[in-house]
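Structural overview
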Amino acid sequence: MSQDQKHQVLKRKLGPEDLRRFETPAIERESHGQTSAKSSVPDSLSTVAVDFAGVTKSYGNKIVVDELSFSVASGECFGLLGPNGAGKSTIARMLLGMTCPDAGTITVLGVPVPARARLARRGIGVVPQFDNLDQEFTVRENLLVFGRYFGMSTRQSEAVIPSLLEFARLERKADARVSELSGGMKRCLTMARALINDPQLIVMDEPTTGLDPHARHLIWERLRALLARGKTIILTTHFMEEAERLCDRLCVLEKGRNIAEGGPQALIDEHIGCQVMEIYGGDPHELLSLVKPHSQRIEVSGETLYCYAPDPDQVRTQLQGRAGLRLLLRPANLEDVFLRLTGREMEE
Amino acid sequence: MIEGFAAALPANAWNWVAVWRRNYLAWKKVALVSLLGNLADPMIYLFGLGTGLGIMVGRVDGASYIAFLAAGMVAVSAMTASTLETLYAAFARMHSQRTWEAMLYTHVTLGDIVLGELAWAATKAFMAGTAITIVTATLGYAAWPSVLYALPIIALTGCVFASLAMIVTALSPSYDYFVFYQTLVLTPMLFLSGAVFPLNQLPGAFQQIARCMPLSHAIDLIRPVMLDRPISGIALHVGVLGLYALLPFFLSMALLRRRLMR
Ligand SMILES: Nc1ncnc2c1ncn2[C@@H]1O[C@H](COP(=O)(O)OP(=O)(O)OP(=O)(O)O)[C@@H](O)[C@H]1O
Ligand SMILES: [Mg+2]
């Protein structure tokens, strides 16, 4: 990581959005920043939790991760956003040392991976995309058994299990078998399991995929509680809303390439920069010529016209009197960025 | 590549215990059913063949046929128990249940997992073999107290067949392939290893093949101690079994690394 990038990270670390993390005092963050800004040797442990530099991975002749570079400051929530097959899980596996990159270097918690992955894993908790709890065990047994994999004695595990159960809101399910839990409860248990070794860094691979809205909100809330405790989180998702809500910064992936990186709002401002008018109910191609002069950019997707208009009233005036049209004016969101970057059906 | 393999080796001498204990906890919940299941098959063979064939065969090598067969069945039950555990149960934990994947997020390495699984399969083999040993000794078909020497050999036999089965587990795309190993490797071995009839009745070429098979070495050790007879070539038998336990362990680990960590 260059000195320049590091300053970027530091600047961001002290940015106003951090204030919402009440439990981590700003003072502490600042002092972190200063130590590393002064020292000429990168003091990676205190500021940079994860660093990928030029990482490439292919399976057969298919390139799955392509010259990927990003870095995650400790205490931040970093999103990896991409469609199915973009390489999100592969990145997570490489980070854990469960597969080796073909090229590039990975540093996690100050330790080179995969060379010293076992050491790095001491400080990592994992919430995998596919549930791998022990179905025949109870909630408590799952935690106990997992603690043993970290060399924790039964007594050590039993000392932390009550707080983990409380975190996962599973106090009353401690002796229920996993197969009796709902999908949301299972995901909460997986989160609790990931915390048993008190990790600094938590890797979450699509934590809310397949959950109902209640469970999803619970997971989001729990995730924020972790950030408030000063944990670093790497979150993969293909839900734009999730990324927008939770991530301090994110990286948009397409076919394993980093096509954009930054804070959610910064990305929206940079790539869209105005409100979006969705127009449907008419022939989009016919409408296109009408609104074009008043728009910064127009896209057509299916039967919907997306009109990026600095002055939406003009567009509205233009379309007045046309029957059957429906207009929706809304602030731009990450989905617009994503679709812009990866291309909608047709772009004008 | 070499470096990667080294990282996958067991991390230390005790990490595997956590894996073993996970399997033990799961087994405890179904212990009775599992024990009965493991025992029924060899018992039926022992008494079915032993009494039925025993009438026609008479005495074999100076012992009653059922006493002769008992030693074979002890070894075979160890072989079957550890093979089935490693083929089906360990494969499920690796493949469909993703239990190994969860273990790999922790301090446990792939080598620790394989070692823990082998130790667990050997434990099940030990339980099955020991149970049959106790039954046959109680009925007077095996000699006290020399039969006790059979116990470590049963455990070693369990290790050997777990290790061999781990190669099959590492290579199989699905459960369907296990039956080939069972019918094309284990069943012939059963007949070529002196489990049900003495080897010296076979043509010379088959006797040569038998000498290469781990089961015949296990039986050559177990039968004398159960019949309280002197054993010849202990070092050779133990050495061969040791190699059969060790080499497949490293081979299966390399194969599993290629399969799981690519
Ligand atoms: N072990 C493997 N062998 C061969 N190809 C693989 C392997 N693992 C992943 N791939 C391929 O790499 C690509 C990226 O997979 P990956 O699981 O990282 O994507 P993802 O972004 O996590 O997708 P999803 O949103 O579906 O989880 C896919 O095309 C997949 O088929
Ligand atoms: Mg994935």
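These figures come from a predicted structure and were not determined experimentally.

1. Some points on the environment of A:I106
Residue and element names in this part refer to chain A.
- Turning to its location among the elements, I106 is positioned in strand β4 (residues 103-108).
- As for I106 and H285, which are separated by 179 residues in sequence, their C-alpha atoms are 48 Å apart.
- Dropping the residues within four chain positions of it, I106 is found in contact with D51, F52, V55, M94, P101, V111, P112 and V113.

2. Topic: the UniProt feature "transmembrane region" (unreviewed entry) in chain B
- Within this structure's numbering, the places UniProt gives as "transmembrane region" (unreviewed entry) are residues 30-57, 63-91, 125-144, 150-171, 178-197 and 234-256 of chain B.
- In residues 150-171 of chain B, the share of helix is 100% and the share of strand is 0%. The end C-alpha atoms are 32 Å apart.

3. Here's the deal with the coordination of the magnesium ion (ligand 2)
All names here are of chain A.
- Ligation of the magnesium ion (ligand 2) by protein atoms is provided by S89 (OG) and Q129 (OE1), these donors lying 1.9 to 2.1 Å from the ion. Pair noted here: S89 is in helix α4 (residues 88-95) and Q129 is in the loop between β6 (124-127) and α6 (139-149), with a separation of 40 residues, a long-range link.
- Overall, S89 belongs to the partly exposed group, its relative accessible area being 23%.

4. Quick notes on the site of ligand 1
- Taken together, 14 residues lie near ligand 1, and A:K62, A:K88, A:S89, A:T90 and A:Q129 sit nearest.
- More than a single chain frames ligand 1: its nearby residues are located in chains A and B.
- One of the side-chain N or O atoms of A:S89 is found 2.7 Å from an oxygen atom in ligand 1.
- One of the side-chain N or O atoms of A:Q129 is found 2.8 Å from an oxygen atom in ligand 1.
- In isolation ligand 1 offers 630 Å² of accessible surface; the protein chains occlude 68% of this area.
- Taken together, the elements giving at least two residues each to the shell around ligand 1 come down to β2 (62-73) and α4 of chain A.

5. Looking at the packing of aromatic side chains
- Throughout the structure, instances matching the rule amount to 16 aromatic pairs over all chains.
- On the basis of an interplanar angle of 25° and a centroid distance of 6.2 Å, the ring pair of B:Y65 and B:F68 is categorised as stacked. You can see B:Y65 and its partner B:F68 sitting in helix α4 (residues 65-94), three residues apart, about one turn around the helix.
- The exposure class assigned to B:Y65 is buried, which follows from its relative accessible area of 5%.
- A relative accessible area of 1% places B:F68 in the buried class.
- Lying over the aromatic face of A:F239, A:R216 brings its terminal NZ or CZ to 4.5 Å of the ring centre.
- The ring of A:F167 has A:R222 lying over it, and the distance from NZ or CZ to the ring centre is 4.9 Å.

6. A short note on the pairing of strand β10 (residues 257-262) of chain A
Residues and elements named next belong to chain A.
- Where strand β9 (residues 249-254) meets β10, five bridges bridge the pair, whose relative direction is antiparallel. For L250, the partnering residue across the bridge sits in β10 and is G262.
- Remark: two residues form the turn of the hairpin made by β9 and β10, two consecutive strands paired antiparallel; K255 in that turn has positive phi of roughly 50°.

Parameters and conventions
Residues numbered from 1 in each chain as written. Chains lettered and ligands numbered in written order. Predicted model: local features only at pLDDT ≥ 70, side-chain atom pairs only at ≥ 80, totals over all residues. Heavy atoms only, no water. Helix = DSSP H or I, 4+ residues; strand = E, 2+ residues; numbered from the N terminus. Contact = heavy atoms within 4.5 Å. UniProt positions renumbered as here; feature names shortened; annotations may be inferred. Donors = N, O, S within 2.8 Å, 3.2 Å for Na, K, Ca; no water. Buried < 20%, exposed > 50% of the residue type's maximum accessible area, 1.4 Å probe, protein only. Near = heavy atom within 4 Å. Polar contact = N/O pair within 3.5 Å; in protein donor to acceptor, adjacent residues only side chain to side chain. Areas by Shrake-Rupley, 256 points an atom, 1.4 Å probe, with all protein chains shown as cover. Phe/Tyr/Trp six-rings, centres within 6.5 Å; stacked < 30°, edge-to-face > 60°. Lys NZ or Arg CZ within 6 Å of the ring centre and 35° of its normal. Pairing = 2+ DSSP bridges.

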